[in-house]
Amino acid sequence: MDKRWCTACGCAFLARAQAPHQRYCAEPQCQRERRRLWQQTKRRSDLDYLQNQVQALRAWSKRNSAYWSAYRESHPEYAARNRINQRIRNAKRSTAGIAKMGASNGTPFFDDKLYELRPLEGLGFAKMVVDCSDHGACSPAPLTAPNFGDCKERT
């Protein structure tokens, strides 16, 4: 057994001979952190695992639909803090100008030209697809495409 330093808490511990790559001590909070990081990595790398986790969460939520309302009732300080934080988040959103997915109305407004997309300062941020109906925001790109010569000359 050799002495190692725990990745989670930083304390020294004696590694078990059966676990040659042990990086976490036996403390419950360190083991919880180890499992949390493993699960996070697994969700990123294994699509089936992620889908099963999402399905399990939905099933649990369906079985325990009253959980959060009961929790807020039994923890008034949590509910009050959450209301305050939600007001702050809402205030940020209203000044930032958030655009959500599928904000366009579906009618195309661009001509058949080459356009250069540039970020505009001070407009907040956008999620996924956004309709920039201000035609001035998207202007045709200058024709600086590389010259490939006459099409007739290429084979």
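Residues numbered from 1 in each chain as written. Predicted model: local features only at pLDDT ≥ 70, side-chain atom pairs only at ≥ 80, totals over all residues. Heavy atoms only, no water.

> Any details on the overall build of the protein? Residues and values, ideally.
Each helix and strand in the protein was counted, giving four helices and two strands. Looking at the 155 residues of the protein, the share that counts as buried comes to 11%. Considering only intrachain contacts with a sequence separation of at least 6, the fraction spanning at least 24 residues in the protein is 33%. (Helix = DSSP H or I, 4+ residues; strand = E, 2+ residues; numbered from the N terminus. Buried < 20%, exposed > 50% of the residue type's maximum accessible area, 1.4 Å probe, protein only. Contact = heavy atoms within 4.5 Å.)

> So what's going on with the environment of Arg72? Residues and values would help.
The topology assignment puts Arg72 in helix α3 (residues 67-74). Overall, Arg72 belongs to the partly exposed group, its relative accessible area being 38%. Sequence-wise, Arg72 and Asn82 are 10 residues apart; in three dimensions their C-alpha atoms are separated by 9.6 Å. Among all residues touching Arg72, those that are not within four sequence positions of it are Tyr78 and Ala79.

> Report on the packing of aromatic side chains, specifying residues and quantitative values.
This structure, assessed with the given rule, holds six aromatic pairs. Centre to centre, the rings of Trp38 and Tyr49 are 5.8 Å apart; their planes meet at 80 degrees, and the pair counts as edge-to-face. Taken together, the residues Trp38 in helix α1 (residues 28-45) and Tyr49 in helix α2 (residues 47-63) connect sequence positions 11 residues apart. Grouped by ring-pair contacts, the aromatic residues Trp60, Tyr67, Trp68, Tyr71 and Tyr78 constitute a single cluster. (Phe/Tyr/Trp six-rings, centres within 6.5 Å; stacked < 30°, edge-to-face > 60°.)

> Give me the pattern of salt bridges: which residues, what numbers.
Enumeration according to the criterion identifies three salt bridges in this entry. With its nearest N and O atoms 3.2 Å apart, the salt bridge here joins Asp2 to Arg4. Between Lys42 and Asp46 there is a salt bridge, with its nearest N and O atoms 3.2 Å apart. Residue class for Asp46 comes out partly exposed when judged on its relative accessible area of 23%. (Salt bridge = Lys/Arg side-chain N within 4 Å of Asp/Glu carboxyl O.)

> If you had to explain the packing of α1 against α2 to someone new, which residues and values would you point to?
One can describe the packing of α1 onto α2 by two numbers: an axis separation of 5 Å at closest approach and a directional angle of 110 degrees. With respect to α2, the element α1 is oriented roughly perpendicular. On α2, the residues that touch Trp38, Gln39, Lys42, Arg43 and Ser45 of α1 are Leu47, Tyr49, Leu50 and Gln53. Tallied by class, residues from the contact of α1 with α2 come to four nonpolar, three polar and two charged. (Axes fitted to C-alpha atoms, helices over the stretch in contact; angles between N-to-C directions. Parallel < 35°, antiparallel > 145°, perpendicular 65-115°, else oblique. Nonpolar A, V, L, I, M, F, W, Y, C, P; charged D, E, K, R; others polar.)

> Please set out a nonpolar patch on the surface residue by residue, giving values where relevant.
A cluster of nonpolar residues, Leu57, Trp60, Tyr67 and Trp68, forms a patch on the protein surface that exposes about 420 Å² of accessible area. Contributions of two or more residues to the nonpolar patch are made by α2 and α3. Examined against the element boundaries, Trp60 turns out to sit in helix α2. In this structure Trp60 comes out as partly exposed when scored by relative accessible area, which is 32%. (Patch = residues over 30% accessible without salt bridge, like charges linked within 9 Å, V, L, I, M, F, W, Y side chains within 5 Å. Areas by Shrake-Rupley, 256 points an atom, 1.4 Å probe, with all protein chains shown as cover.)

> Tell me what's going on with the side chain of Gln22, and back it up with residues and numbers.
Positionally, Gln22 belongs in the loop between β2 (12-14) and α1. Taking the relative accessible area as the measure of exposure, Gln22 reaches 17% and is therefore buried. Engagement of the side chain of Gln22 in a polar contact is seen with the backbone oxygen of Tyr24, the distance being 3.0 Å. (Polar contact = N/O pair within 3.5 Å; in protein donor to acceptor, adjacent residues only side chain to side chain.)

> Please give an account of the side chain of Arg4 that cites residues and values.
Turning to its location among the elements, Arg4 is positioned in strand β1 (residues 3-5). Reaching out from Arg4, the side chain makes a polar contact with the side chain of Asp2 at a distance of 3.2 Å.

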